[in-house]
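Chains, contacts and geometry: an overview
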Amino acid sequence: MRTLIGVAVLLLLLGVVWWAWTSSASSPLPGPTMARAATDAQSPPRGSSATEVGGGAPSGSDRTRVESVPMPGPAAEAEAAPEAPFVVDGRVLDLTGAPLAGVALSLRGAALPFAVESGTDGRFEFDAGPAAVNLLLAGQLELEIAPGQRWASALDTPFSRERHGGLLVVAAPAIELGGTVEDEQGVAIEGASVSLRIESTDLRKFPAPLDRNAPRTLATRSGPRGAFSLQGVPAVQGSDLQASRGERGRGALVLEGETALDLRLVLHDGVQEAAVFAGVVLDMAGAPVEDARVSLAESTTETDDRGRFELPAPDRLSDGAPLVAVKRGLQAAVDRSLAERLERRDFSPLLLRLGPATLEIRGKVLLADGAPAKGWTVSLADGTELSSGSVPPTIAEGLAAGNTRGSPSVTTDRSGEFTLRGLSARDYTLRAWQPKSLLVVRAERVAAGRTDVVLRLGPDAVATEVRGRVVDRRGQAVPEAQVSVELVTFASGGASAWESSKAVATGADGTFQLKNVPRAEVRIAVHGDALMEQRWEVAEVDLAQELRLQVDLRAHFRVLREKSPLPATRGEVLDEHGATLQVFSFQNGGWSSSSSIPLSKDGASHSLGVSERGSSLVLYAQSEEVARLPLVLLPGQVLEIRY
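Quantities reported herein were computed from a predicted structural model and do not represent experimental measurements.

Within the protein one finds six helices and 48 strands. Relative to its 643 residues, the protein shows a buried fraction of 40%. Total accessible area on the protein stands at roughly 35,100 Å², and carbon and sulfur atoms take up 51% of it.

Okay, structure coming up:
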């Protein structure tokens, strides 16, 4: 009996072992492979399908994603294409343009593992990696000299997905600044803002263009007893250390470019008695209006409980510059006589009377086929501006409508409908555009109060394909020029804002091709590091023909004073016909221009850009001509002009 029981137990154990062995042969082993499957299930490969389980779960609730693709084995992983490298390269140079070796660099504002040093010729190169590329999708990163070294970054060095090669990191000896902030009586001031800002214009002896660098700012606040300290300051001689406290106190020191721990920044009260425009704001019934906003040029104030206001009189005003009073829900009061009053020094009391309740314009924007234009921007092209030179402008109608920023625009809803509020009893020009396609349509002389306005896109609003070629003055092809379409959305006082299409690069033969170019109100822009930016309004070109866009190549120069006993105070560049050319100061993708060359007190300049058409340089000391020198400009080089 015992023998039979033992045999039965033995057979049972053998059966369990056999079942376990056959199960393991047909199932994946636990461990890393299963863990990988769980990881991949959270983020399916591109092109794979995924099924969501848990239907009926509310939006935002947790869901389980089940993959319907097989797990890749070692062979499949070996075949997967590696991430393309994102290489950033450039050089580290000192203030004279000499290369620096062994300088460690870091990325500002990005918690990324990073370590790179400049080589013997100052060159560096690194792969930014996928993490940096993801950050760059939202903007740009800053490359800088890592703290704790004998060198500090004199300027910021930004880079982006589009521009990450040939960077310049400008290094200056690192120094320390410290001292106190005081008022004119020697009393220490706590909480004052202390800052040092270095522009490319401060690096006058640097021999190369700094077009793609940005200003560097270091800042701190004064502590107890007015003490302040700044570490790792780039030693740039002639830079300004500034301090301020509120609107009244200002102070500045010109630095010698050496460590200094006993600096005294004295804040001076610059407020002086000045002429003012004063008056009262009333409603239509003659009652004073409290908290009305009153604006003139760059000054703004609010009325008190008796409707009174007071604004400083500016040094000058352009003809027709308005004094405007705004109260939400009421039509604005506008007085355009202030320029004339200022000229004759008439500061007698002013009376501004607000109008009745504001009006509206309602309507819709339609596409060419009659479909509603959803998400289009509709603006007042001729609103009553309270600002000048800022975009988008602040307009009285926007404030009267209750918009705290005084915006001149609204967005159409899914039916293409819009409502513009806060309007006065007059005609307006309406303009509507689509930010992505850059299509635009406008309506002139639309009376406030209308509710049936229709802005409809024309049937032939787009040129489906535009071809062209970019050439220089000699007719030679310009490769790698960036060509795009731009739509100016807002313009005010010489400033403008625009939307732009994605740029296409010209080929080796200078040719390009643009798709779906609007036929109205846009311009074709050509820009690049090697050329002067130029734009052509679509009204000036024939989109049906192959375009030939001729551009000027960009040259650089800087002015140095060596022999002249009298330093020049200004200068200008002339072309071969004696016409004055614009001189450009480029920085971090932006620029400013002037017909007059900015010169320092010693009669020198930093590196400036100008068209290759420049043929002579004229230098003046006040109104007296100091020198007239021929120019032989070569694109891609910096010409040093000595006088």
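On the surface, a cluster of negative charge is contributed by Glu290, Asp291, Glu302 and Asp305. Here Asp305 is to be found in the loop between β19 (299-302) and β20 (308-312). The exposure class of Asp305 is exposed, given its relative accessible area of 55%.

Here we take up the sheet that holds β19. Strand order in this open sheet of four strands is β19-β18-β21-β22, and the pairing throughout is antiparallel. Two strands in the sheet have a free side with no partner beyond their single neighbour: β19 and β22 (333-335). Across the sheet, the axes of successive neighbouring strands diverge by a mean angle of 15 degrees, strand direction being ignored.

Taken as a whole and judged by the stated rule, the model has one cavity of 30 Å³ or more. Taken as a whole, the largest cavity spans an internal volume of roughly 70 Å³. Considered class by class, the residues forming the lining of the largest cavity number five nonpolar, three polar and one charged.

Attention now moves to the nonpolar core. Leu177, Val181, Leu203 and Leu241 are the most contacted members of the largest nonpolar core, which has 30 residues in total. Where this core is concerned, the elements lending two or more residues are β10 (167-183), β11 (193-198), β13 (227-234), β14 (240-245) and β16 (260-269). The greatest single-element share of this core, amounting to six residues, is contributed by β10. Apart from residues no more than four positions distant in its own chain, Val181 is found in contact with Val187, Ala188, Ile189, Ala192, Val194, Ser222, Gly226, Phe228, Ala243, Leu265 and Leu267.

Moving on: the sheet that holds strand β9 (residues 157-159). Strand order in the open sheet formed by four strands is β5-β4-β7-β9, and the pairing between neighbours is antiparallel. In the strand order of this sheet, the two ends are held by β5 (116-117) and β9, each with one partner.

This brings us to the pairing of strand β3 (residues 87-94). Both β3 and strand β6 (residues 123-127) contribute to a ladder of five bridges, which runs antiparallel. Across the sheet, residue Asp89 finds its bridge partner in β6, namely Glu125. With five bridges joining them, β3 and β10 adopt parallel strand pairing. The residue bridging Leu93 from the neighbouring strand is Val170, located in β10.

Another aspect to go through is the side chain of Ser616. Inspection of the secondary structure assignment puts Ser616 in strand β46 (residues 614-621). Not counting residues up to four positions away in its chain, the partners in contact with Ser616 are Glu572, Val573, Leu574, Leu629, Pro630 and Leu631.

Turning our attention to the layout of surface pockets. Roughly 710 Å³ of volume is contained in the second largest pocket. Taken together, 21 residues form the lining of the second largest pocket, with Asp202, Arg204, Lys205, Gln237 and Asp602 sitting closest to its centre. Residues belonging to the lining of the second largest pocket are distributed by class as follows: nine nonpolar, six polar and six charged.

With 83% of its residues at a pLDDT of at least 70, the protein reaches an overall mean of 83. Low pLDDT, under 50, characterises residues 1-14; the predicted model gives this stretch zero contacts beyond four residues in sequence or across chains. Contacts of residues 16-82 to residues separated by more than four positions or lying in other chains number 35 contacts, the stretch itself having pLDDT below 50.

What follows concerns the pattern of salt bridges. Across all of its chains, the model carries 32 salt bridges by this definition. Here Arg426 ties to Glu397 by a salt bridge, and the two come within 3.5 Å at their closest N and O atoms. Of this pair, Arg426 sits in the loop between β27 (417-423) and β28 (427-433) while Glu397 sits in helix α6 (residues 396-400), and the two are 29 residues apart along the sequence. In this structure Arg426 comes out as partly exposed when scored by relative accessible area, which is 29%. Its relative accessible area of 2% is what places Glu397 among the buried residues. A salt bridge links Glu521 to Arg431; the shortest N-O distance between them is 2.8 Å. Highlighted residues: Glu521 in the loop between β35 (511-518) and β36 (522-527) and Arg431 in strand β28, separated in sequence by 90 residues.

Rules of the game
Every chain is numbered independently, its residues counted from 1 as its sequence is written. Local features in this predicted model are restricted to residues whose pLDDT is 70 or higher, and side-chain atom pairs enter the listing and the counts only when it is 80 or higher, whereas totals over whole chains, interfaces and linings include all residues. As a rule here, side-chain values come from all non-hydrogen atoms in the structure, and water together with hydrogens is ignored. Counting from the N terminus, the helices are DSSP H or I runs at least four residues long and the strands are E runs at least two residues long. Buried, partly exposed and exposed residues are distinguished by accessible area as a fraction of the type maximum, computed with a 1.4 Å probe on protein chains only: under 20%, between the cut-offs, and over 50%, respectively. Only the protein chains shown count as cover for residues, with accessible areas throughout obtained via the Shrake-Rupley method and a probe of 1.4 Å. For patches, a residue must show more than 30% relative accessible area and have no salt bridge; joins then use 9 Å for like charges and 5 Å for nonpolar side chains, namely Val, Leu, Ile, Met, Phe, Trp and Tyr. Definition used for salt bridges: Asp or Glu carboxyl oxygen within 4 Å of a side-chain nitrogen of Lys or Arg. Positive residues here are Lys and Arg, negative ones are Asp and Glu, while His and the chain termini are left out of the count. Where a charge sits is defined by one atom per residue type, namely NZ (Lys), CZ (Arg), CG (Asp) or CD (Glu). Paired strands, in this sense, are two strands between which DSSP finds at least two bridges. All axes are obtained by fitting lines to C-alpha atoms, using only the stretch in contact for helices, and the reported angles, taken between N-to-C directions, cover 0 to 180 degrees. Lining residues are defined by having an atom within 4 Å of a point belonging to a cavity or pocket. Those points lie on a 1 Å grid over the protein atoms alone, cavities being sets where a 1.4 Å probe fits but cannot get out and pockets being open sets with protein on both sides within 12 Å along at least five of seven lines. Grid points are joined across faces, edges and corners, and a volume is the space filled by probe spheres set on the points. Residues are grouped as follows: nonpolar covers Ala, Val, Leu, Ile, Met, Phe, Trp, Tyr, Cys and Pro; charged covers Asp, Glu, Lys and Arg; every other residue, Gly included, is treated as polar. Here the nonpolar core consists of buried residues drawn from Ala, Val, Leu, Ile, Met, Phe, Trp, Tyr and Cys, with membership extended through side-chain atoms lying within 4.5 Å. Pairs of residues are marked as contacts when any of their non-hydrogen atoms sit within 4.5 Å. One confidence number per residue, pLDDT, is output by the predictor and ranges from 0 to 100.

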